[in-house]
Amino acid sequence: MIIAIDGPAAAGKGTLAGRLADHFGLAILDTGILYRAVGMKLVREGGDPDDASAAADVARALAPADLDADDLRTDAAADAASRVSAVPAVRQALLEFQRAFAENPPDIASGNANGAILDGRDIGTVVCPNADCKLFITADVEVRAKRRFLELRERGLDAIHGRVLADMKERDARDSDRAVSPLEPAKDALQLDTSEMDADQAFAAALSFITSENK
Ligand code: DC
């Protein structure tokens, strides 16, 4: 079983993916971490995330240890990721890893995985167009910025609400307007707006869709 979850930042994809992975016994891949790792490796090396050729070189040389860097959850990483992810050669370099994960998911803590769940921006449209089930999770940008602001504060990081909102709007625009694999729902995806939902409600809605799709 392969489940694809796409949507903009802080829409609730990660939380939903985790709940569904536990429920169905699926291995989970947060594909944003791959782009974050490329972006931050480039920045740490003194490079410019808008330098397409340097970004492609880093993506091709990405190693599993790069995914363990402790700065990948920062806003600087999100910004760098959004920039390098517009480079076609970067996307191409990361595509094979994502597809291999979906087709041969690694074992999970409770045993063999029953499949995989990938979350990102182009999973249902490009990475796994034949996924058994596709979800496109959205929420109002103001709601998403508030969630991200509270999450940053909870993690003890400095955050200014207006800045988080402006960054999110900029990132939404960059992810949606890029020429390759822009953020957009697959035609056969369930579109779920979580603006007024908590995690339990989003999980219940997703579960009922998945169950009806796989009857
Ligand atoms: O999901 P995230 O916030 O960790 O993603 C960071 C950036 O990486 C996002 O702004 C766009 C890019 N990304 C992408 O282009 N395609 C994906 N499948 C996942 C992330």
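My aim in this report is to walk through the structure given alongside it, one point at a time. Once a new chain begins, its residue numbering starts again from 1 and follows that chain's sequence as written. For this predicted model, a pLDDT threshold of at least 70 governs which residues receive local features, and a threshold of 80 or more governs which side-chain atom pairs are given and counted, while totals over whole chains, interfaces and linings are taken from all residues. Water and hydrogen atoms were dropped before computing side-chain values, which therefore reflect all heavy atoms in the structure.

1. Topic: unusual backbone geometry
Moving on, step 1. Its identity as a non-glycine residue notwithstanding, Ala 10 has a phi of 60°, on the positive side.
Moving on, step 2. By the criteria applied, helices consist of DSSP H or I runs no shorter than four residues and strands consist of E runs no shorter than two, each listed in order from the N terminus. One can find Ala 10 in the loop between strand S1 (2–6) and helix H1 (13–24).
Moving on, step 3. Think of it in three bands: with a 1.4 Å probe and only protein chains considered, a residue is buried below 20% of the maximum accessible area for its type, exposed above 50%, and partly exposed in between. A relative accessible area of 17% places Ala 10 in the buried class.
Moving on, step 4. Of note, Ser 181 is a non-glycine position whose phi angle comes to about 45°, a positive value.

2. So, a negative patch on the surface
Moving on, step 1. For patch building, the residue pool is restricted to those with more than 30% relative accessible area and no salt bridge; the joining distance is 9 Å between like charges and 5 Å between nonpolar side chains (Val, Leu, Ile, Met, Phe, Trp, Tyr). The accessible surface values rely on the Shrake-Rupley method and a 1.4 Å probe; as for residues, cover is taken only from the protein chains in view. In what follows, salt bridge is the name for a side-chain nitrogen of Lys or Arg lying within 4 Å of a carboxyl oxygen of Asp or Glu. The charge count treats Lys and Arg as positive and Asp and Glu as negative. His and the chain ends do not count. In this description, the location of a charge corresponds to atom NZ of lysine, CZ of arginine, CG of aspartate or CD of glutamate. A cluster of acidic side chains, namely Asp 140, Glu 142, Asp 193 and Glu 196, defines a negative patch on the protein surface.
Moving on, step 2. Of note, Asp 193 is situated in strand S5 (residues 190–193).
Moving on, step 3. Assessed through its relative accessible area of 44%, Asp 193 is described here as partly exposed.

3. A word on the pairing of strand S2 (residues 27–30)
Moving on, step 1. Burial along S2 is one-sided: the residues Ala 27 and Leu 29 are buried and none of Ile 28 and Asp 30 is.
Moving on, step 2. Pairing between two strands is assigned when DSSP locates at least 2 bridges connecting them. Across four bridges, the pairing between S2 and strand S3 (residues 116–120) is parallel. Each residue of the ladder has a partner; that of Ala 27, found in S3, is Ala 116.

4. Topic: the sheet that holds S1
Moving on, step 1. As summarised here, the arrangement of the five strands in space is S2-S3-S1-S4-S5, forming an open sheet in which the pairing is parallel. Two strands close off the open sheet at either side, each with one partner strand: S2 and S5. Between one strand axis and the next, the sheet turns through 20° on average, direction left out of account.
Moving on, step 2. Along the sheet face, H1 touches S1, S2, S3 and strand S4 (133–138) and points at about 180° away from the line of S3.
Moving on, step 3. In the packing of helix H9 (residues 199–213) onto the sheet, the strands contacted are S1, S4 and S5, and the crossing angle to S4 comes to about 155°. For helices, the axis comes from a line fit to the C-alpha atoms of the stretch in contact; other axes are also lines fit to C-alpha atoms, and the angle between any two N-to-C directions lies between 0 and 180 degrees. The contact criterion used throughout is that any non-hydrogen atoms of two residues lie within 4.5 Å.

5. Considering the site of the ligand
Moving on, step 1. In these notes, residues near a molecule or strand are those with any non-hydrogen atom within 4 Å of it. Near the ligand, the surroundings consist of 14 residues, among which Arg 36, Arg 91, Arg 171, Asp 175 and Arg 178 are the closest.
Moving on, step 2. Arg 91 places a side-chain nitrogen or oxygen 2.8 Å from an oxygen atom of the ligand.
Moving on, step 3. One of the side-chain nitrogen or oxygen atoms of Asp 122 is found 3.0 Å away from a nitrogen atom of the ligand.
Moving on, step 4. Bound to the protein, the ligand loses 97% of the 450 Å² it would expose on its own.
Moving on, step 5. Examining the composition of the shell around the ligand, we find that three residues originate from one element, helix H2 (residues 32–44), more than from any other.
Moving on, step 6. The residue makeup of the shell around the ligand, split by class, is two nonpolar, five polar and seven charged. Two N or O atoms form a polar contact when they lie within 3.5 Å of each other; inside protein one atom must be a possible hydrogen donor and the other a possible acceptor, and for residues adjacent in sequence the pair counts only when both atoms belong to side chains. Only Asp, Glu, Lys and Arg are considered charged in this grouping, and only Ala, Val, Leu, Ile, Met, Phe, Trp, Tyr, Cys and Pro are considered nonpolar; every other residue, Gly among them, is considered polar.

6. Examining the environment of Ala 76
Moving on, step 1. Its place among the elements puts Ala 76 in helix H4 (residues 75–84).
Moving on, step 2. Considered as a pair, Ala 76 and Lys 169 are 93 residues apart in the sequence and their alpha carbons are 15 Å apart.

7. Some words on the environment of Ala 205
Moving on, step 1. Mapping Ala 205 onto the fold places it in helix H9.
Moving on, step 2. With relative accessibility at 23%, the residue Ala 205 sits in the partly exposed group.
Moving on, step 3. Residues Ala 205 and Asp 48, 157 residues apart in the sequence, show an inter-C-alpha distance of 41 Å.
Moving on, step 4. For Ala 205, the residues in contact, after removing those within four places along its chain, are Leu 190 and Leu 192.

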